[in-house]
There are 2 protein chains.
Amino acid sequence: MFTIAVDVMGGDYAPEEPVLGIAEALRKHADLKIIAFGDKESIESILSGVRYPAERLEIRHTDEVIGTAESPVVAVRKKRSSSLVSAIRAVADGTADSCLSAGNSGAVLVAAQAYIKRIPGVRRTPLGPLIPTLKGPAILVDCGANVDARAEHLHAFAKLGSAYLEHICGIKAPRVALVNIGAEEEKGNKLVKETFPLLKADKHLNFIGSVEARDLLAGEAQVIVCDAFVGNVALKLVEGMLSMMKNLFRQAVYSSTRAKLGGMLLKKDLKKVLDTFDISEYGGAPLLGLEGLVVKCHGNARRQEVATACTQSLTFLEQDMNTVMKQRMEESNE
Amino acid sequence: MFTIAVDVMGGDYAPEEPVLGIAEALRKHADLKIIAFGDKESIESILSGVRYPAERLEIRHTDEVIGTAESPVVAVRKKRSSSLVSAIRAVADGTADSCLSAGNSGAVLVAAQAYIKRIPGVRRTPLGPLIPTLKGPAILVDCGANVDARAEHLHAFAKLGSAYLEHICGIKAPRVALVNIGAEEEKGNKLVKETFPLLKADKHLNFIGSVEARDLLAGEAQVIVCDAFVGNVALKLVEGMLSMMKNLFRQAVYSSTRAKLGGMLLKKDLKKVLDTFDISEYGGAPLLGLEGLVVKCHGNARRQEVATACTQSLTFLEQDMNTVMKQRMEESNE
């Protein structure tokens, strides 16, 4: 039995969607217990009429909520009993095995670093979402709120990302690449030029060199290493472009009778293509490099994504991800 | 009559495609003269059998070629009589009104800065391609080879981009936005945090704040300001994703008889949607902020793109773009 602490007040569709998401996760997994942090009355009202195993849900009332626009450092310091900070503190004090939030990314990062220990050798904890490529999943580290990273941070991201793909996804010696604006070693900005030799010299990594953004989704690179600013831009651009294209296709298919018929015949195939790069399918992303498990969902997560993120969290816990990460970081420093 | 100096040896499909591109441009524009820098024998052999107004094409033989993988600074210094450097020097010494290359981006930048004066007030010359959005074209500055920019550089990029959209594209008071990882003013990396107040305080700019990558193609932002590393990643990611999706659709449409029929009916509409974000349609991009005109094509430019870039260059020359830019930079410094 594993316990997940969930901040149900975080995200664009909170508390409705996170609450319905955890109900779904509880129905699906008999070995899951959830502690929901949030407004008790709202949670109970959302759950009224919903079928779920109530004996495995504990509601802990919180008054404060950290908003998306708040400054992470200030909010985490001032709102210690907010749903977000409370969920993270539940992991820190051992009440829960992991926690989940779709709230303010920066605040999740700040609170996690404030309350949960980092694995020795890790200075910064990257957010590492899996992204779909033409050759299967890849991990994009960092996509979080750690901006202005240094070369040694990116080096640690590469190690953590490799360990994740190897131990959680079962990919042996995953191919590591550095996001760059050219394939040649001498190209790039200062950060990339300083990081390149570190990755190249690390014999524990299967480093294949630079990857240009053009090839990011082709799948040659499996551990895609970059600064959080660049990772965030890449991730959100793919999401935004996909959602715009879906809308355009929808409009196109309704533009004429001829197109409607074509759309009917092609519907399944079109959907398949558009789903190829659908990042939301992958649920949440773990903050890597901590001794406790913190999983972050998209701000716009709906119930399905929250439920998927619970399933992922169970996988991470069953595989004892953080211990594995810790061992890998120790080995790589030997 | 305007004269364009073209480096026909630059780019993935050189010299074949650039040479055929200039032949097309010469056929199309009676007021165009071209000086082609490159291997004379190859150029003549490509042109044999091609119909074009030979009296308006001058071939200047060059032996040296700068490769894509070469270090820009070293290559420009050592290969002064390469096709690339020669084309740029033709602008510098007044032989040509503008120049065009699909070669090594870094080398184009270095050579342009070495041989052509910068407009007063401009420290760095950004590459500003037009990109398609849901609401018409936007300019992405910088997408070039100027990495590790400072806030004052980004401020100048915003001014140059605004002047371009206003005077070349006829868009009044174009909306300027800064690429960021959140919409709030306090988000972002060091560079973004330093640039934000400069743009906000500049009363000559129509600054609308931050734009997240998710909304980059939605069209709210018309002058999209970022460091060249980020711009390059964004531009190439859009290109890469689009080309992968085109391939996937092609495969999907041939996967069954049913899909084939659907594809036939939807062909026109599908193409329209996929073309919405097709960056290559826009031809080349000018290096902004120079006293001479330098236009850069994609490395993978085919003849059509080279011809389009010649047409664009003529537009820039007819509108006397550089003088306008110079005036705008002076005004904005008053």
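Residues numbered from 1 in each chain as written. Chains lettered and ligands numbered in written order. Predicted model: local features only at pLDDT ≥ 70, side-chain atom pairs only at ≥ 80, totals over all residues. Heavy atoms only, no water.

Novice: Can you tell me about the nonpolar core, naming the residues and giving the values?
Specialist: Core analysis: the biggest nonpolar cluster contains 196 residues, and A:Tyr164, A:Met245, B:Tyr164 and B:Met245 have the highest contact counts within it. Discounting residues that sit within four places of it in the chain, B:Met245 has contacts with A:Leu242, A:Met245, A:Val273, A:Leu274, A:Phe277 and B:Leu274. (Core = buried A, V, L, I, M, F, W, Y, C linked by side-chain atoms within 4.5 Å. Buried < 20%, exposed > 50% of the residue type's maximum accessible area, 1.4 Å probe, protein only. Contact = heavy atoms within 4.5 Å.)

Novice: Outline the pattern of salt bridges, supporting the account with residue identities and numerical values.
Specialist: All names here are of chain A. Tallied over the entire structure, the rule returns 32 salt bridges over all chains. A salt bridge links Lys79 to Glu70; the nearest nitrogen and oxygen atoms lie 2.8 Å apart. Residue classification places Glu70 among the partly exposed residues on the basis of a relative accessible area of 25%. Several salt bridges share partner residues, and in doing so they unite Lys246, Lys271, Asp275 and Asp278 into one network. (Salt bridge = Lys/Arg side-chain N within 4 Å of Asp/Glu carboxyl O.)

Novice: Talk me through the interface of chain A and chain B; I want residue IDs and the actual numbers.
Specialist: Contacts between the two partners involve 58 residues from chain A and, on the opposite side, 58 residues from chain B. Buried area between chain A and chain B, summed over both chains or domains, comes out near 5,300 Å², and the portion from carbon and sulfur atoms is 76%. Considering only the surface of chain A that becomes buried against chain B, A:Arg214, A:Phe229 and A:Met241 emerge as the three largest contributors, covering 14% of it. Inspection of the chain A/chain B interface yields four salt bridges. Taking the shortest distance from any N to any O, the salt bridge between A:Arg214 and B:Glu239 comes out at 3.3 Å. Seen at the junction of chain A and chain B, the total is ten residue pairs in polar contact (both at pLDDT 80 or more). (Buried area = accessible area lost by both parts, 1.4 Å probe. Polar contact = N/O pair within 3.5 Å; in protein donor to acceptor, adjacent residues only side chain to side chain.)

Novice: Report on the packing of aromatic side chains, specifying residues and quantitative values.
Specialist: Given two aromatic rings, their pairing is described by the distance between the two centres and the angle made by the two planes. All told, the structure shown has five aromatic pairs over all chains when counted by the stated rule. A ring pair is formed by A:Phe249 and B:Phe249, whose centres lie 5.1 Å apart and whose planes are at 50°; its orientation type is tilted. Of this pair, A:Phe249 sits in helix α8 (residues 228-253) while B:Phe249 sits in helix α8 (residues 228-253), each in a different chain. With respect to class, A:Phe249 is no different from B:Phe249; both count as buried. Here the guanidinium or amino end of B:Arg302 rests over the ring plane of B:Tyr13, the centre of that ring lying 3.6 Å away. (Phe/Tyr/Trp six-rings, centres within 6.5 Å; stacked < 30°, edge-to-face > 60°. Helix = DSSP H or I, 4+ residues; strand = E, 2+ residues; numbered from the N terminus. Lys NZ or Arg CZ within 6 Å of the ring centre and 35° of its normal.)

Novice: Pulling in residues and values, what's your account of empty space enclosed by the protein?
Specialist: All names here are of chain B. Per the counting criterion, the structure on display carries nine cavities of 30 Å³ or more. Its volume calculated, the largest cavity comes out at about 60 Å³. Lining the largest cavity we find Ser105, Val108, Leu109, Thr125, Pro126, Leu127, Asp142, Gly144, Ala145, Asn146, Leu287 and Lys296. With three residues, the single largest contributor to the lining of the largest cavity is helix α5 (residues 105-115). Of the residues in the lining of the largest cavity, the class split is six nonpolar, four polar and two charged. (1 Å grid on protein atoms, 1.4 Å probe; cavity = no way out; pocket = protein on both sides within 12 Å on 5 of 7 lines; lining within 4 Å. Points joined across faces, edges and corners; volume = space filled by probe spheres on them. Nonpolar A, V, L, I, M, F, W, Y, C, P; charged D, E, K, R; others polar.)

Novice: Provide a residue-level description of a positive patch on the surface, including the pertinent values.
Specialist: Residue and element names in this part refer to chain A. Side chains of Arg77, Lys78, Arg80 and Arg89 sit close together on the surface and give a patch of like positive charge. Note that Arg80 resides in the loop between α3 (72-78) and α4 (83-92). Relative accessible area serves as the criterion here: at 48%, Arg80 is assigned to the partly exposed category. (Patch = residues over 30% accessible without salt bridge, like charges linked within 9 Å, V, L, I, M, F, W, Y side chains within 5 Å. Areas by Shrake-Rupley, 256 points an atom, 1.4 Å probe, with all protein chains shown as cover. Lys, Arg positive; Asp, Glu negative; His and termini not counted. Charge placed at Lys NZ, Arg CZ, Asp CG, Glu CD.)

Novice: A description of the environment of A:Lys187 should follow, citing residues and the corresponding values.
Specialist: Within the secondary structure, A:Lys187 sits in the loop between β7 (175-180) and α7 (190-201). Placed 23 residues apart in sequence, A:Lys187 and A:Ser210 show a C-alpha to C-alpha distance of 9.1 Å. Here A:Lys187 is in contact with A:Asn180, A:Ile181, A:Gly182, A:Val192, A:Lys193 and B:Thr68, once residues within four sequence places are set aside.

Novice: Outline the pairing of strand β6 (residues 136-141) of chain B, supporting the account with residue identities and numerical values.
Specialist: Residues and elements named next belong to chain B. Both strand β5 (residues 130-133) and β6 contribute to a ladder of four bridges, which runs antiparallel. Considered in β6, the bridge of Pro132 is made with Pro137. What sits between the antiparallel neighbours β5 and β6 is a turn of two residues. Note that β6 and strand β9 (residues 223-225) share three bridges and pair parallel. Directly across from Leu140, in β9, lies its bridge partner Ile224. (Pairing = 2+ DSSP bridges.)

Novice: I'd love a proper account of the packing of helix α6 (residues 151-167) of chain B against helix α11 (residues 321-332) of chain B, names of residues and values included.
Specialist: Residues and elements named next belong to chain B. In the contact formed by α6 and α11, the axes pass within 10 Å of each other and the chain directions differ by 130°. As far as their axial angle goes, α11 and α6 are oblique. Viewed along their axes, α6 and α11 form a crossing whose handedness is right-handed. Contact residues: α6 offers Ala156, Lys159, Leu160, Ser162, Ala163, Tyr164, Glu166 and His167, while α11 offers Met321, Val324, Met325, Arg328, Met329 and Ser332. Residue classes in the contact of α6 with α11 are distributed as eight nonpolar, three polar and three charged. (Axes fitted to C-alpha atoms, helices over the stretch in contact; angles between N-to-C directions. Parallel < 35°, antiparallel > 145°, perpendicular 65-115°, else oblique. Left-handed = near helix turned anticlockwise from the far one by under 90°.)

Novice: I'd like a rundown of the confidence of the model for chain A, residues and numbers included.
Specialist: A residue-level look at chain A finds 99% of positions with pLDDT of 70 or above and a mean pLDDT of 93. The ipTM value of the predicted complex is 0.91, and its pTM value is 0.92. (pLDDT = per-residue confidence, 0-100.)

Novice: Go over the sheet that holds β5(B), please, and point to the residues and values.
Specialist: All names here are of chain B. One open sheet accounts for five strands, arranged β5-β6-β9-β7-β8; its pairing is mixed. The open sheet has two edge strands, β5 and β8 (206-212), and neither has a second partner. Taking each pair of neighbouring strands and ignoring which way they run, the sheet shows an average axis angle of 30°. Where strand β7 (residues 175-180) lies against β9, three bridges are found, and the strand directions are parallel. Bridge pairing links Ala177 to Ile224 in β9.

Novice: Quick one: what's the story with the sheet that holds β7(A), residue by residue and with numbers?
Specialist: Residue and element names in this part refer to chain A. Strand order across the open sheet formed by five strands is β5-β6-β9-β7-β8, with mixed pairing between neighbours. Looking along the sheet, the strands with just one partner apiece sit at the ends: β5 (130-133) and β8 (206-212). Pairs of neighbouring strands in the sheet enclose a mean axial angle of 30°, with direction left out of account. By the bridge criterion, six bridges tie β7 to β8 in an arrangement that is parallel. If you follow Val176 over to β8, its bridge partner there is Phe207.

Novice: So what about unusual backbone geometry? Which residues, and what values?
Specialist: A cis geometry characterises the amide bond from A:Val141 onward to A:Asp142, with omega recorded as 15°. Tracing the backbone through its elements, the reader meets A:Asp142 in the loop between β6 (136-141) and α6 (151-167). Residue B:Pro15 is bonded to the preceding B:Ala14 through a cis peptide linkage, with omega at -5°. Positive phi, close to 55°, is recorded for A:Asp320, a residue that is not glycine. Among the secondary structure elements, A:Asp320 is positioned in the loop between α10 (303-318) and α11 (321-332). A relative accessible area of 41% means that A:Asp320 is categorised as partly exposed.

Novice: So, the pairing of strand β11 (residues 293-296) of chain A: which residues are in play, and what are the values?
Specialist: Residue and element names in this part refer to chain A. Burial of β11 is two-sided: the residues Leu293 and Val295 facing one way and the residues Val294 and Lys296 facing the other way are all buried. Pairing geometry for strand β4 (residues 98-101) and β11, over four bridges, is parallel. Looking at the pairing, Ser101 lines up with Lys296 of β11. Sheet topology places strand β10 (residues 285-286) next to β11; two bridges connect them, and they run antiparallel. Among the inter-strand pairings, Ala285 is bridged to a residue of β11, identified as Lys296. In sequence, β10 turns back onto β11 through a hairpin of six residues, with Gly289 there showing a positive phi of about 100°.

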